[in-house]
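# Overview (structure and organization)
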Amino acid sequence: MKRVRVRFAPSPTGMLHIGNARTALYNKLFALKHDGAFILRIEDTDVARLDLGAERAIMEDLRWLGLDWDEGPEVGGRYGPYLQSERGNIYQEYAQRLLEKGKVYPCYCTPEELEQMRKMLLAKGERPRYLGRCRELSPTMARELEREGRRPSLRFKVPEGTTVVEDIIHGAKTFENSLIGDFVIMRSDGRPAYNFAAVVDDALMEITHVIRGEDHLPNTPRQLLLYQALGFAPPHFAHHPMLLGPDGTRLSKRHGATSVQAYREEGFLPQAMANYLVLLGGGSSGGGEVMSWEEMIERFSLEEIARSPAIFDLGKLRWLNRVHIHKMEPEDLLQHARPFLQDFPLEGVKEGWLAQVMDVIKENITTLAEVGLYLPIFLPGKIPKDEKAKAALAENGALKVIKTMEEVVRDLPEVDEKNLPFIFSKLQARTALKGKSLFFPIRAALTGKMEGPELRNILPLLGKEVILERLKEVLGGS
Ligand code: GLU
């Protein structure tokens, strides 16, 4: 069998949408599973809609998600260039071949004329399509139109008959050619149309499997006709169902954040995001819902992708993020949390200690952005107390607990994991209190809030000095 080659071919018109990220992920997993190549191709010929920053942003998001490419922009490869805007002469050459073979013809219709035809067909209740007005244009007539200043586009002569798309996910789909209408392959300004550029590139880049969203299924019969006309063998096709919002409409801004960047900025882990996207709507068989990269690759199969649309469920993504945060090694977690720590005074703070802090905080957070809720507890200095903490410190006996804690800690060389049992038993004995009456005031004094990481995890990381300072602050009434 030929070596698997798949591609992700975004048009850089905006941020990477999570629906497109899912397409990219499926391609990447398929490549990894079959020891193939994952190619990134930028489809940037639609100049009017181009967003210059988008190409960079898409690449950054792909890399963040772990979807780095084997060939493509910034990486190179034997099949380049990988930007369609740099492949103009290639499209010209293949368009010329089709012209010579009589498979395409120049079309001089103006946008206004095309719009009129469209309206006429719609009024008759027919599918709008090009009816072949310029198919039989005589050379004299063509010259006449050129003299008027018209520049032709090139249209493909759709043959009669039917075209069958054999889709890995949907099975065989038959399309009536007469409903397609002769379509443009080169625009009048010399730029290629999507279907043509995609076919030329997929063929020349020796793509074996085209895995993309179902919204492209209507393009596939056109593309198959082009493969035939150009004399190329077509790849295999797999069109996955679209990603929908909870209300069943295409996932869009109305449903909340839709770009990968937004989720990254909210503190989602790439692992959780990838895990969620592959879980969504099938794509993996057997095993549990939480997957490592290795498991995702192992269990991935195109045949397992559901034919019904995938419904985006933020709650599930949040749950997976929590699980992946919990599973993460402290050093890794610190690396991922870095962008969320920029506003904290961390100069001179030791990496190892900070990683331990992350390890303690991780039990209480769902997104990395929430690290900021608990990090101040561990940093030196005064700690503001919320209403619940103030109330806990106003309870009967609370100050006695704080006073006793201060006495016990003062006499110790340091507060560490080993002497915690000693500290607590001394406190219990001297105050005759236990449970909440004992722990709540201490928690309130040391952390300023009643929820958060466990006290026994916090104390050794705070250390004797900071603990004493915070206890004294409460006792001093300051
Ligand atoms: N540029 C197209 C898109 O972003 C690519 C479609 C395809 O994969 O062929 O939708």
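These notes cover the structure that comes with them. What you are looking at is a predicted structure, and each value in this text was computed from that prediction instead of being measured.

Rules used throughout
- Residues numbered from 1 in each chain as written.
- Predicted model: local features only at pLDDT ≥ 70, side-chain atom pairs only at ≥ 80, totals over all residues.
- Heavy atoms only, no water.
- Helix = DSSP H or I, 4+ residues; strand = E, 2+ residues; numbered from the N terminus.
- Rg over C-alpha atoms; globule rule 2.2 N^0.38 Å.
- Buried < 20%, exposed > 50% of the residue type's maximum accessible area, 1.4 Å probe, protein only.
- Contact = heavy atoms within 4.5 Å.
- Areas by Shrake-Rupley, 256 points an atom, 1.4 Å probe, with all protein chains shown as cover.
- Lys, Arg positive; Asp, Glu negative; His and termini not counted.
- Charge placed at Lys NZ, Arg CZ, Asp CG, Glu CD.
- Expected span 1.5 Å × (residues − 1).
- Arc of directions from axis to C-beta.
- Salt bridge = Lys/Arg side-chain N within 4 Å of Asp/Glu carboxyl O.
- Core = buried A, V, L, I, M, F, W, Y, C linked by side-chain atoms within 4.5 Å.
- Axes fitted to C-alpha atoms, helices over the stretch in contact; angles between N-to-C directions.
- Parallel < 35°, antiparallel > 145°, perpendicular 65-115°, else oblique.
- Nonpolar A, V, L, I, M, F, W, Y, C, P; charged D, E, K, R; others polar.
- Near = heavy atom within 4 Å.
- Polar contact = N/O pair within 3.5 Å; in protein donor to acceptor, adjacent residues only side chain to side chain.
- Left-handed = near helix turned anticlockwise from the far one by under 90°.

## Considering the overall build of the protein chain
In terms of regular secondary structure, the protein chain is built from 19 helices and 13 strands. For 478 residues, the compact-globule estimate of 2.2 N^0.38 gives 23 Å, and the C-alpha radius of gyration of the protein chain, at 31 Å, exceeds that figure by more than 25%. Considered along the principal axes of its C-alpha atoms, the protein chain spans approximately 105 × 45 × 40 Å. In the protein chain, which comprises 478 residues, the share counted as buried stands at 50%. Counted over contacts in the protein chain with a minimum sequence separation of 6, partners at least 24 positions apart contribute 74%. Summed over its atoms, the accessible surface of the protein chain is roughly 23100 Å², and 51% of this surface lies on carbon and sulfur atoms. Each charge sign in the protein chain was given a centre, from 65 positive and 67 negative side chains, and these centres are 2 Å apart.

## Comments concerning helix H4 (residues 111-123)
With 13 residues, H4 should reach 18 Å at 1.5 Å per residue; the first-to-last C-alpha distance of 18 Å fits that figure. Listed as buried for H4 are Glu113, Met117 and Leu121. For H4, the buried positions fall inside an angular range of 75° around the axis, keeping them on one side. Turned more than 90 degrees from where H4 packs its buried face, Pro111, Glu112, Gln116, Lys119 and Ala123 sit exposed.

## Focus on the pattern of salt bridges
Overall, the coordinates contain 34 salt bridges when judged by the stated rule. Asp182 is paired through a salt bridge with Arg135; the nearest N and O atoms lie 2.8 Å apart. Highlighted residues: Asp182 in the loop between strand S6 (171-176) and strand S7 (184-186) and Arg135 in the loop between H4 and helix H5 (139-147), separated in sequence by 47 residues. For Asp182, a relative accessible area of 5% gives the class buried. Judged by its relative accessible area of 30%, Arg135 falls in the partly exposed class. Where salt bridges share partners, they join Arg7, Arg41, Glu43, Arg87, Asp201 and Asp202 into one cluster.

## Details of the nonpolar core
Counting 56 residues, the largest nonpolar core has Met358, Leu375, Met405, Leu459 and Ile467 as the members making the most contacts within it. Among the elements that take part in this core, helix H19 (residues 455-475) stands out by supplying 10 residues, more than any other.

## Points about the packing of helix H12 (residues 330-337) against helix H13 (residues 351-361)
Think of two packed helices as two axes; the pair is described by the angle between the axes and how far apart they sit. Viewed as axis vectors pointing N to C, H12 and H13 meet at an angle of 90°, and their least axial separation amounts to 8 Å. Taken together, the axes of H12 and H13 lie roughly perpendicular to each other. Taking contact as the criterion, the partners of Pro330, Glu331, Leu333, Leu334, Gln335 and Ala337 in H12 are, on H13, Glu351, Leu354, Ala355, Met358 and Asp359. Broken down by class, the residue content of the contact of H12 with H13 amounts to 7 nonpolar, 1 polar and 3 charged.

## Some thoughts on the site of the ligand
Taken together, Arg7, Ala9, Pro10, Ser11, Glu43, Tyr194, Arg212 and His216 make up the full set of residues adjacent to the ligand. Within the side chain of Arg7, an N or O atom sits 2.7 Å from an oxygen atom of the ligand. Side-chain polar atom of Arg212 to an oxygen atom of the ligand: 2.8 Å apart, as the coordinates give it. In isolation the ligand exposes 290 Å². Once the protein is present, 82% of that is buried. By residue class, the composition of the shell around the ligand is 3 nonpolar, 2 polar and 3 charged.

## Some details on unusual backbone geometry
In this model, Gly80 is joined to Pro81 through a cis peptide bond whose omega is -5°. Take Pro81: it is sitting in the loop between helix H2 (52-64) and helix H3 (88-100). In this structure, Asp35 takes a positive phi of about 55° despite not being glycine. As for its placement among the helices and strands, Asp35 is situated in the loop between helix H1 (18-33) and strand S2 (37-40). Here Asp35 falls in the exposed class, since its relative accessible area comes to 63%. In this model, Ala432 sits at a positive phi of 60°, which is unusual for a non-glycine residue.

## Regarding the packing of helix H15 (residues 387-394) against helix H18 (residues 436-447)
Relative orientation of the contacting elements H15 and H18 amounts to 130°, with a least axis distance of 8 Å. As summarised for this structure, H15 and H18 are arranged oblique, according to the angle between their axes. The interaxial crossing formed by H15 with H18 has left-handed handedness. For the pair H15 and H18, the contacting residues are Ala389, Ala392 and Leu393 in the first and Phe440, Pro441, Ala444 and Ala445 in the second. Residues belonging to the contact of H15 with H18 are distributed by class as follows: 7 nonpolar, no polar and no charged.

## Overview of the environment of Ala272
On the secondary structure map, Ala272 appears in helix H9 (residues 270-279). In contact with Ala272, other than residues within four places in its own chain, are Leu317, Leu320, Asn321 and His324.

## Quick notes on the side chain of Thr258
By secondary structure assignment, the location of Thr258 is in the loop between strand S10 (243-244) and helix H8 (260-266). A relative accessible area of 8% means that Thr258 is categorised as buried. Beyond its immediate sequence surroundings of up to four residues, Thr258 is in contact with Leu16, His17, Ile18, Leu251, Ser252, Lys253 and Tyr263.

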